[in-house]
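Residue-level structure breakdown
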Amino acid sequence: MISPQSKPSFRLTRTQRIRKSGEFAHVYGLRNTSGDGHLLVFAAANGRPQSRVGVSVSKKHGNAIIRSGLKRRLREAFRLTQHDLPGGLDLILIPRHKSGSTVEDYQQSLTTLARKLAGRIARSNKECGG
RNA sequence: GAAGUGGGCUAGGCGAUCGCUGCGGGAUCGGUUUUCAGAUCGGUUGCGGAGAGGAAAGUCCGGGCUCCAAAGGACACGGUGGUGGGUAACGCCCACCGUCCGCGAGGACAGGGAAAGUGCAACAGAAAAUAUACCGCCCCAGGAAACUCACUUCGGUGGGGAUUCGAGGCGAGGCUGCGGUCUCCGGGGUAAGGUUGAAAUGGUGCGGUAAGAGCGCACCGCAGGCUGGGUGACCAGUCUGGCUUGGUAAACCCCACCGGGAGCAAGACCAAGCAGGGCGAAGAACCGCUACAGCGGUUGUGGGUCGGUCCGGCUCACGAGCGGGCGAUUUCGGUCGCUGGCGACGACGUCCGGGUAGGUUGCUUGAGGCGGCGGGCAACCGUCGUCCUAGAUAAAUGGUCGCCCUCGACACGACCCGGCUUAUCGGCCCACUUCAGCA
RNA sequence: GCCCCCAUCGUCUAGAGGCCCAGGAUGCAGGAUUCUCAGUCCUGAGACAGGGGUUCAAAUCCCCUUGGGGGUA
């Protein structure tokens, strides 16, 4: 990470995504969740400086057009808010059902929910460690 | 101008900015290798260029490709069903034929066989596939009194013809003074008519008949033959037959044709890791060569395999030993034969268990698009030129802003093609039909 | 992605071309019995996923659509 951070990059590269089904299963298995009217978020510490994201949209949301749109909006929300989020987390984003939600809704929900989950993880680490 | 029929094209656009996935080449960082140069892999960054559909959908057909053995025969099973052509192939397309619908342009049709056989048809109806029974209609024999004629022993007897009955019952008919009384109960011809039903044994008309009937005739329909046209489905004409065999095959079935199974999560490779175990049957014969280790061939046996079964075919095995008993031989070390046991092992199959975390490939140039010429009514084919047009893998086309318009439907690849079906806001174009008006 | 299967009252089901405007159980509603409740008895409402075709006739046979469920690394 040599980049001087003078201009913060808003790219979303492949290393910033959760890509293996084992990693997905790990995050789901911890059952560390939080949600609001727009989003449901699973989180786990990943031991990296950056946070990573994964998106899951079930078939109940509709056909392929609707599901692709949801996934694009969720990824866009993570891309735009990635510097406001705590680092070192694996996040799985699941949209709620009544989705008239916009990217801005997702951005607000994502930042608040991710900070809540990061605090919870830090607390449990302290309790376990000491 | 109105209404309509058939076909084709299109699938909001422009700009700014932040992003996503491949490809090309550049810079930089890290790993491996190397004396260096360099090679290779991965990351980051910026440049160039590319980046979802007409249905990408449903998965309803057909094919390519891959593996199963090289994909063979019969049966079973499944599918298709007018004819001719197109095609890699098809259940698709084109042209034509037939039936039905529409004034018409046109549209619809799983459109072979019901005279090979089996089955089915509720209810209603005389009857539901066999041509007969029932009602009905008609004829003949026969019958009675009344009427009339003749005869008479006046009790009746015989004849005539009209009407009627012509079949066992709430029967029909005659006479009557309405209380009764009398008579009959045999034979045959028909399929015109019979209220039903989805469907009823050729139809209509005329003749004919006791009543009727293709019994006869005309027209229509049907069947068969012949002639002509057409590659053919079929069409036209003509003759004959009086006519007989209804429906259902998206019921079984018959005929013709087609189909081996599974599917890119197929399949192949890399490195890493690991763990194998149980069970199964057989482990022959003959010939040839030989260095006597073995090799080759034929037959056979056994296992496996072609996807549901059988055949045929293909493939694998048919050996190294251990010790017991008996017999022969011996230089007493052993050797050979027979018998019946044990059994490691290789190959094969099957079952159970573990693992299937990961990467590369398959992976996009193809029955390809566009244009010209030629062949064909057309579907389509041939030839020449030209173009390269997604390849992701927790899975790429988006977010925000501005402007314009007709205010934007259905909907997003996942191995690839050819079709079909289904969903769909609009817009544009071409050809044609009917009606109205004008010239 | 690929390959299959299924659909009948609220629920579980029967049905195999006509006897079915679909039967049974349970649940639901009303009534009777009881001082009241339960139980019992009587009565009633309630379904062939949707569309098209074959047939005289379809829950049943064929096609399309819709909605569920399963298998497969």
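Structure: above.
In this report, the structure presented in the accompanying data block is examined. Bear in mind that the values here come from a model prediction, so they are computed numbers and not experimental data.

1. Some thoughts on the protein's contact with RNA strand B
Close to RNA strand B lie 18 residues; R11, R14, R17, I18 and R72 are nearest. In RNA strand B, atoms within 4 Å of the protein come from the sugar-phosphate backbone in 68% of cases. Separating a phosphate oxygen of RNA strand B from a side-chain N or O atom of R11 is a distance of 2.8 Å. A distance of 2.6 Å separates a phosphate oxygen of RNA strand B from a polar side-chain atom of R17. When contributions to the surface near RNA strand B are tallied by element, the ones reaching two or more residues are α1 (21-30) and α2 (64-81).

2. A few points about the sheet that holds strand β4 (residues 89-95)
Across the sheet, four strands lie side by side as β1-β2-β4-β3; this open sheet has mixed pairing. Lying at the two open borders of the sheet, with one neighbouring strand each, are β1 (33-35) and β3 (52-55). Mean inter-strand twist for the sheet, computed between neighbouring axes without regard to direction, equals 25°. Sheet analysis places β1 next to strand β2 (residues 39-45), joined by three bridges and oriented antiparallel. Directly across from S34, in β2, lies its bridge partner V41.

3. Brief notes about the pairing of β2
Taking burial as the measure, the seven residues of β2 include five buried ones, the bulk of the element. Both β2 and β4 contribute to a ladder of seven bridges, which runs antiparallel. Following the sheet pairing, A44 is matched in β4 by D90.

So, how was this worked out
- Residues numbered from 1 in each chain as written.
- Chains lettered and ligands numbered in written order.
- Predicted model: local features only at pLDDT ≥ 70, side-chain atom pairs only at ≥ 80, totals over all residues.
- Heavy atoms only, no water.
- Near = heavy atom within 4 Å.
- Polar contact = N/O pair within 3.5 Å; in protein donor to acceptor, adjacent residues only side chain to side chain.
- Helix = DSSP H or I, 4+ residues; strand = E, 2+ residues; numbered from the N terminus.
- Pairing = 2+ DSSP bridges.
- Axes fitted to C-alpha atoms, helices over the stretch in contact; angles between N-to-C directions.
- Buried < 20%, exposed > 50% of the residue type's maximum accessible area, 1.4 Å probe, protein only.

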